[in-house]
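Working through the structure, step by step
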Amino acid sequence: MSECYQLWAQLEKEANVQIYRNTGMLIVGKEDCSAFRSLRGTLLRNNVPMEVLSPEQFASRFPSVRLPPGESAVIDKTAGVLHADRALKAVQDLFRGLGGVIHDGEKVVDFTPGSPITMTTNSGMYRAQSLVITAGPWAKSVLARTGLQLPLQVLRINVCYWKERIPGTYGIGRHFPCFIGVKQHGAKHEIYGLPSNEYPGLMKICYHSGSETEPDERDRQTSQEDIAILSSFVSKSFPGLDPTPAVVEQCMYTVTPDSDFILDQHPSHSNIIIGAGFSGHGFKLAPVVGKILCELALGKTPSFDLSPFRITRFQSLLKSAL
């Protein structure tokens, strides 16, 4: 993360736009919860500036949030909000300024491995010595054309915004932090939130999981199980919010079995580079991920140890899929 902060700051300077806003992040969970202890331990091991709050300090600092009995809270002082729309525009503008060309709205019809690789879209044909595939929820189907069956699961996520009873209570202007509730109130997965900002008077709170779907048929998946979990959570933990979501949008996660990324060369075609399975937490790491994929595409030694992100860690699953 440390290099990501540096690269986001470099992008802000070059594009002359604010992309990151430091808010801090409140992390809440039970002491006997291994996931909570793991998060706190990661902060400690990496010397991340943090603060441990007693129940009294929590109540004083966050009177509009209820801390369940027996739960603990820490604050990651370095965390914050990335403005994704600004970030994407800044990257694309700088890319074009350096001579890059973006072909939006082109569907990949086929591609043929080799040297060069040939890719066919609904608008034309392209050839290149190396190819980086970051196809998101379509990665599994695209790579299946090469005989590679990755163990990727696509989830449809309900992105919920909750109305503040008093506008600004949980606002970024009042220095309310981001937060993660680690398996609170019996939830199987984390619940996370951002201070109200994107939509004035609405706070984004989401469940870090969803219902399995196919990317081209995602609108057929209408499960609201996660919304029920969130409504219960909001009513218990955020008394200043209406427990019925005011806005519900959708996105997709592409999840690996261990929720870690895949950053690797294709096992049979070394000039095909794969970035996939970002499991709902890839965007903040995009600058470093892009750097790594570029290094792999150019045949350079990666700047980081990629063993935790290699395809071979799923060897048994790959065999069963073929």
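Going by the structure above, here's the rest.
My aim in this report is to walk through the structure given alongside it, one point at a time. Values in this document were obtained by computation on a predicted structure and should not be read as measured data. (Residues numbered from 1 in each chain as written. Predicted model: local features only at pLDDT ≥ 70, side-chain atom pairs only at ≥ 80, totals over all residues. Heavy atoms only, no water.)

Here we look at the side chain of Asp264
- Inspection of the secondary structure assignment puts Asp264 in strand β16 (residues 262–265).
- Classification of Asp264 by relative accessible area gives buried; the value is 8%.
- For Asp264, the side chain forms a polar contact with the side chain of Arg310, separated by 2.6 Å.
- At 2.9 Å, the side chain of Asp264 and the backbone nitrogen of Ile311 are in polar contact.
- In this view, Asp264 contacts Ile272, Ile273, Ile274, Leu296, Phe309, Arg310 and Ile311; residues no more than four positions away in its chain are not counted. (Helix = DSSP H or I, 4+ residues; strand = E, 2+ residues; numbered from the N terminus. Buried < 20%, exposed > 50% of the residue type's maximum accessible area, 1.4 Å probe, protein only. Polar contact = N/O pair within 3.5 Å; in protein donor to acceptor, adjacent residues only side chain to side chain. Contact = heavy atoms within 4.5 Å.)

Describing the packing of helix α1 (residues 2–15) against helix α7 (residues 286–297)
- Between α1 and α7, whose axes approach to 8 Å, the crossing angle comes to 95 degrees. Here α7 runs roughly perpendicular to α1, going by the angle between their axes. Residues Glu3, Cys4, Leu7 and Trp8 of α1 pack against Ala286, Pro287, Val288 and Lys291 of α7.
- Its residues assigned to classes, the contact of α1 with α7 comprises six nonpolar, no polar and two charged. (Axes fitted to C-alpha atoms, helices over the stretch in contact; angles between N-to-C directions. Parallel < 35°, antiparallel > 145°, perpendicular 65-115°, else oblique. Nonpolar A, V, L, I, M, F, W, Y, C, P; charged D, E, K, R; others polar.)

Examining α1
- Here α1 is 14 residues long and its end C-alpha atoms lie 20 Å apart, about the 20 Å a rise of 1.5 Å per residue gives.
- Buried within α1 we find Cys4, Trp8, Leu11 and Glu12. Down the axis of α1, the buried set is contained in an arc of 100 degrees. They therefore lie on one face. Exposed and facing more than 90 degrees away from the buried side of α1 are Ser2, Gln6 and Lys13. (Expected span 1.5 Å × (residues − 1). Arc of directions from axis to C-beta.)

Brief notes about the pattern of salt bridges
- In total, this model carries seven salt bridges according to the counting rule given.
- One salt bridge in this structure joins Arg96 and Asp93, with 3.9 Å as the shortest N-O distance. Separated by three residues within a single helix, Arg96 and Asp93 lie in helix α4 (residues 84–97), roughly one turn from each other.
- Residue class for Arg96 comes out partly exposed when judged on its relative accessible area of 41%.
- A residue is classified by how much of its surface remains accessible, and Asp93, at 37% relative accessible area, is partly exposed. (Salt bridge = Lys/Arg side-chain N within 4 Å of Asp/Glu carboxyl O.)

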